[in-house]
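Now for the letters of each chain:
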Amino acid sequence: QVQLVESGGGLVQAGGSLRLSCAASGRTFSGYTMGWFRQAPGKEREFVAGITRSGTSTRYADSVKGRFTISRDNAKNWVYLQMNSLKFEDTAVYYCAGSPSIVIGTKRDQYLYWGQGTQVTVSS
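Residues numbered from 1 in each chain as written. Predicted model: local features only at pLDDT ≥ 70, side-chain atom pairs only at ≥ 80, totals over all residues. Heavy atoms only, no water.

Novice: Can you tell me about the state of the cysteines, naming the residues and giving the values?
Specialist: Under the definition given, this model contains one disulfide. With its sulfur 2.1 Å from that of its partner, Cys22 forms a disulfide with Cys96. Because the sign of the S-S torsion sets the handedness, a value of about -80° for the bond joining Cys22 and Cys96 places this disulfide among the left-handed ones. One end of the pair, Cys22, is in strand E3 (residues 18-26); the other, Cys96, is in strand E9 (residues 92-99), and 74 residues separate them in sequence. (Disulfide = S-S within 2.5 Å. Helix = DSSP H or I, 4+ residues; strand = E, 2+ residues; numbered from the N terminus.)

Novice: Please set out unusual backbone geometry residue by residue, giving values where relevant.
Specialist: Trans is the prevailing form of peptide bonds, just as negative phi is the prevailing case for residues other than glycine. A positive phi is found at Asn77, a non-glycine position, where the angle reads about 60°. Counting through the fold element by element, Asn77 comes out in the loop between strand E7 (68-73) and strand E8 (78-83). Exposure remark for Asn77: the relative accessible area of 24% places this residue in the partly exposed category. Even without a glycine there, the phi angle at Ser85 is positive, about 50°. Inspection of the secondary structure puts Ser85 in the loop between E8 and E9. (Buried < 20%, exposed > 50% of the residue type's maximum accessible area, 1.4 Å probe, protein only.)

Novice: Break down the pattern of salt bridges for me, citing the residues and quoting the values.
Specialist: For the structure shown, the criterion picks out four salt bridges. Measuring nitrogen to oxygen at the nearest pair gives 2.9 Å for the salt bridge that ties Arg38 to Asp90. In this pair, Arg38 is assigned in strand E4 (residues 33-39) and Asp90 in the loop between E8 and E9, connecting sequence segments 52 residues apart. Its salt-bridge partner being Arg67, residue Asp90 comes within 2.7 Å of it at the nearest N-O pair. In this pair, Asp90 sits in the loop between E8 and E9 while Arg67 sits in the loop between strand E6 (58-60) and E7, placing the two residues 23 residues apart along the sequence. With respect to class, Asp90 is no different from Arg67; both count as buried. Salt bridges sharing common partners tie together Arg38, Glu46, Arg67 and Asp90. (Salt bridge = Lys/Arg side-chain N within 4 Å of Asp/Glu carboxyl O.)

Novice: Could you give me a rundown of the pairing of E3, with the residues and numbers involved?
Specialist: Examined bridge by bridge, strand E1 (residues 2-7) and E3 share six bridges and lie antiparallel to one another. The partner of Glu6 across the bridge, within E3, is Cys22. As paired elements, E3 and E8 share six bridges and run antiparallel to each other. Counted as the bridge partner of Leu18 is Met83 from E8. (Pairing = 2+ DSSP bridges.)

Novice: Provide a residue-level description of the environment of Ala23, including the pertinent values.
Specialist: Along the chain, Ala23 falls in strand E3. Excluding residues that lie within four positions of it along the chain, Ala23 makes contacts with Gln3, Leu4, Val5, Asn77 and Trp78. (Contact = heavy atoms within 4.5 Å.)

Novice: Lay out the packing of aromatic side chains with the relevant residues and their values.
Specialist: Going through the model one piece at a time under the given rule, you end up with seven aromatic pairs. For the ring pair Trp78 and Tyr80, a centre distance of 6.1 Å and an interplane angle of 5° mean the geometry is stacked. Classification of Tyr80 as buried rests on a relative accessible area of 14%. Sitting over the face of the ring of Tyr95, Arg45 holds its NZ or CZ atom 3.6 Å from the ring centroid. A cation over a ring is seen here: Arg45 above Trp114, with NZ or CZ 5.0 Å from the ring centre. (Phe/Tyr/Trp six-rings, centres within 6.5 Å; stacked < 30°, edge-to-face > 60°. Lys NZ or Arg CZ within 6 Å of the ring centre and 35° of its normal.)

Take a look at the structure:
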């Protein structure tokens, strides 16, 4: 079992930046591929970014490539999502998720553990 708690969401103007954090506790954190998903009102939850267990490989949705950066600190059991050049369409609840797979999946059902989410609102 892995418990995940997100933080760092808030209200920001378009063009601004936010850094989301996800604290993990429970089983060996470094044994999980980690991802960030988001869900806007009335829309499906979608993959945003993922990072392998060691942190050596990352994967991004096309919509955030070049603007968002995912990273992890296995010594402290944290995952981060640095979001720059935010757009109105980035407004959503952002979720941290953990997967036992060695590859970075983009499907919701590939992830076993989920946080409660943190709201990000970008004003235009």
